Protein chains: 2
Amino acid sequence: MKSPIDFYFDFSSPYGYLASEKIEVLAARHGRTIDWHPILLGVVFRETGASPLTEVPLKGKYSKRDFARSAKFHGVERFRLPSTFPIATQGPARIVLWLKVRDAVLAVATIHALYRAFFGDDVDISKPENAAAVAVGCGVDGAAARAAIDDPAIKDALRRENEQAIAAGVFGSPFTIVDGEPFWGMDRLDQVDRWLATGGW
Amino acid sequence: MKSPIDFYFDFSSPYGYLASEKIEVLAARHGRTIDWHPILLGVVFRETGASPLTEVPLKGKYSKRDFARSAKFHGVERFRLPSTFPIATQGPARIVLWLKVRDAVLAVATIHALYRAFFGDDVDISKPENAAAVAVGCGVDGAAARAAIDDPAIKDALRRENEQAIAAGVFGSPFTIVDGEPFWGMDRLDQVDRWLATGGW
């Protein structure tokens, strides 16, 4: 059995959202599954000295235009820049890590629901009660999801996830690793696709 | 007649090189020509606070891998990371600006020759004599090309080119502007292609 594709993402990353809508179908074409890794770009950016895209002169204005244009280009109909952006994503990331070891299928459904709530419906998922409510919509126990956000063991799990990501060379979102080969960005999914088809070049 | 596509690039930019090998055929498919704008990323980066890719922690190591992988992916056979990299590119940029107003066709041939010398044959084109020698290989007067690098009027022209680029919102290389619509990166040529075909979306 082929190993899963590691997919690292921050819930506040527009390109992470776009890729999240495409990566499973892409992987399935090659008989692969996805291992979803929610991370915090803020932690990763401490390593690289990067700033949130929209806060960089020139690049910020361009990025907002490119998010919307790229969403349409890739056929992701539900996209608008949230009114609060970027956001801290500890809450949704912790819900996913808590859920992942309990029900992997439900965790994936919740990832999509959280991303769509933020980028599709302008729900501020940085707020624990909002993130938990989105999970409830997927059939998750709301009180347990809400409690997971403040659970020291889950906080530790997210810290470990960030550390492991940095150790693996991850410095952005989305970041896809296929059999050890790293691909940064939504705009490398074309290379991911060919890599999966050919085993590299 | 449709207006030309503005293509901004730094001679030290690997993705600029890759795009330079693809943009003309792409443009021609849509009945367009290219207006080539050599700029200095160092000047542009002062606006955005960016650093050369290969000098950024984590991202630097990835980038070197991605340059070579992307070259093969896009079918650009002649690519290797030059032994001196990145380089200052005032010399080749000034030769191009000097040549552009004299012989536009020869200027384009010289752009390709300079890029291929640097990324294909590891010629350090930051050295005026090397840049001039490459131009000679295209049929340019070597002494005149060499003199252009130190010509105050050409230095001014490059300064203006950088200022105009920043005013147009350019913050990286390659940077392509189609009828006012900006596209950053080699990995937006797919969107440039569709934009030219459809007039936007």
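Scroll up to find the structure this text is about.
What counts, and at which threshold
- Within every chain, residues take consecutive numbers counted from 1 along the sequence as written.
- Labels are handed out in written order, letters beginning with A for the chains and numbers beginning with 1 for the ligands.
- Predicted model: local features are reported for residues with pLDDT of at least 70 only, side-chain atom pairs are reported and counted for 80 or more only, and whole-chain, interface and lining totals are derived from all residues.
- Think of the side-chain values as coming from all heavy atoms in the structure, minus any hydrogens and water.
- The criterion for an aromatic pair is that two Phe, Tyr or Trp rings (for Trp, the six-membered ring) have centres within 6.5 Å, with stacked assigned to planes under 30 degrees apart, edge-to-face to planes over 60 apart and tilted to the rest.
- To qualify as a helix, a DSSP run of H or I must reach at least 4 residues; to qualify as a strand, a run of E must reach at least 2; elements of each kind are numbered from the N terminus.
- Placement of a charge over a ring requires the Lys NZ or Arg CZ to be within 6 Å of the ring centre, with the centre-to-atom vector within 35 degrees of the ring normal.
- When the copies are superposed, the least-squares fit takes in the C-alpha atoms of residues with a pLDDT of at least 70 in both.
- When DSSP finds two or more bridges between a pair of strands, those strands are recorded as paired.
- Fitted lines through C-alpha atoms give the axes, limited to the stretch in contact for helices. The angle between two N-to-C directions lies from 0 to 180 degrees.
- Contacts are assigned to residue pairs that have any heavy atoms within 4.5 Å of one another.
- Computed with a 1.4 Å rolling probe, the buried area is the accessible surface lost when two parts are put together, summed over both parts.
- Salt bridges are defined as contacts in which a side-chain nitrogen from Lys or Arg sits within 4 Å of a carboxyl oxygen from Asp or Glu.
- Contacts described as polar in this section are N or O atom pairs within 3.5 Å, which, within protein, must combine one atom able to donate a hydrogen with one able to accept it, while residues neighboring in sequence count only if both atoms come from side chains.
- When a residue's accessible area, from a 1.4 Å probe over protein chains only, is under 20% of the maximum for its type it is buried; when over 50% it is exposed; and in between it is partly exposed.
- An arc is given here, and it is the one of the directions from the helix axis to the C-beta atoms.

A. Broad picture of the packing of aromatic side chains. Counting across every chain of the model gives 48 aromatic pairs over all chains. Between Phe67 of chain B and Phe85 of chain B, the ring centres sit 6.1 Å apart and the planes meet at 70°, which makes this aromatic pair edge-to-face. In this pair, Phe67 of chain B sits in helix 4 (residues 59-73) while Phe85 of chain B sits in the loop between helix 4 and helix 5 (90-100), placing the two residues 18 residues apart along the sequence. Its end group placed over the ring of Trp201 of chain A, Arg194 of chain A keeps NZ or CZ at 5.9 Å from the ring centre.

B. Structural context of the relation of the copies chain B and chain A. Mapping chain B onto chain A leaves a residual RMSD of 0.0 Å; the transformation is a rotation of 180° accompanied by 0.0 Å of translation along its axis. Here the transformation between the copies is reduced to the relation of a two-fold axis. Considering only C-alpha atoms, the part of chain B nearest the rotation axis is Asp187 of chain B, at 3.1 Å.

C. The arrangement of the sheet that holds strand 2 (residues 34-38) of chain A in detail. Residues and elements named next belong to chain A. Spatially, 2-1-3-4 is the arrangement adopted by the four strands of the open sheet, whose pairing is mixed. Only two strands of the sheet have a single partner each, and these edge strands are strand 2 and strand 4 (181-184). Taken pair by pair, the neighbouring strands of this sheet meet at an average axis angle of 20°, ignoring direction. When strand 3 (residues 175-178) meets strand 4, the two strands line up antiparallel, connected through four bridges. Looking at strand 4, one finds that Phe175 is bridged to Trp184. Contacting strand 1 (5-9), strand 3 and strand 4, helix 10 (residues 189-198) crosses the sheet at an angle of about 10° to strand 3.

D. Structural context of the interface of chain B and chain A. With 31 residues of chain B at the contact, the number on the chain A side is 31 residues. Counting each side, the surface lost to burial between chain B and chain A is near 3,100 Å², with a carbon and sulfur contribution of 57%. At the junction of chain B with chain A, the criterion picks out eight salt bridges. Between Asp66 of chain A and Arg188 of chain B there is a salt bridge whose closest N-O contact spans 2.6 Å. Summed over the shared surface of chain B and chain A, the number is 20 residue pairs in polar contact (both at pLDDT 80 or more). Elements with a contribution of two residues or more to the side of chain B that touches chain A: helix 3 (41-48), helix 4, strand 4 (181-184) and helix 10 (189-198) of chain B. Take the side of chain B that touches chain A: its biggest share by element is eight residues, from helix 4 of chain B.

E. Layout of helix 7 (residues 128-137) of chain A. All names here are of chain A. Considered for burial, the residues of helix 7 that qualify are Ala131, Ala132, Val134 and Ala135. For helix 7, the buried positions fall inside an angular range of 155° around the axis, keeping them on one side. Buried residues in helix 7 make contact with helix 5 (90-100), helix 6 (104-121) and helix 8 (142-149).

Any functional reading would require information beyond the geometric quantities listed.
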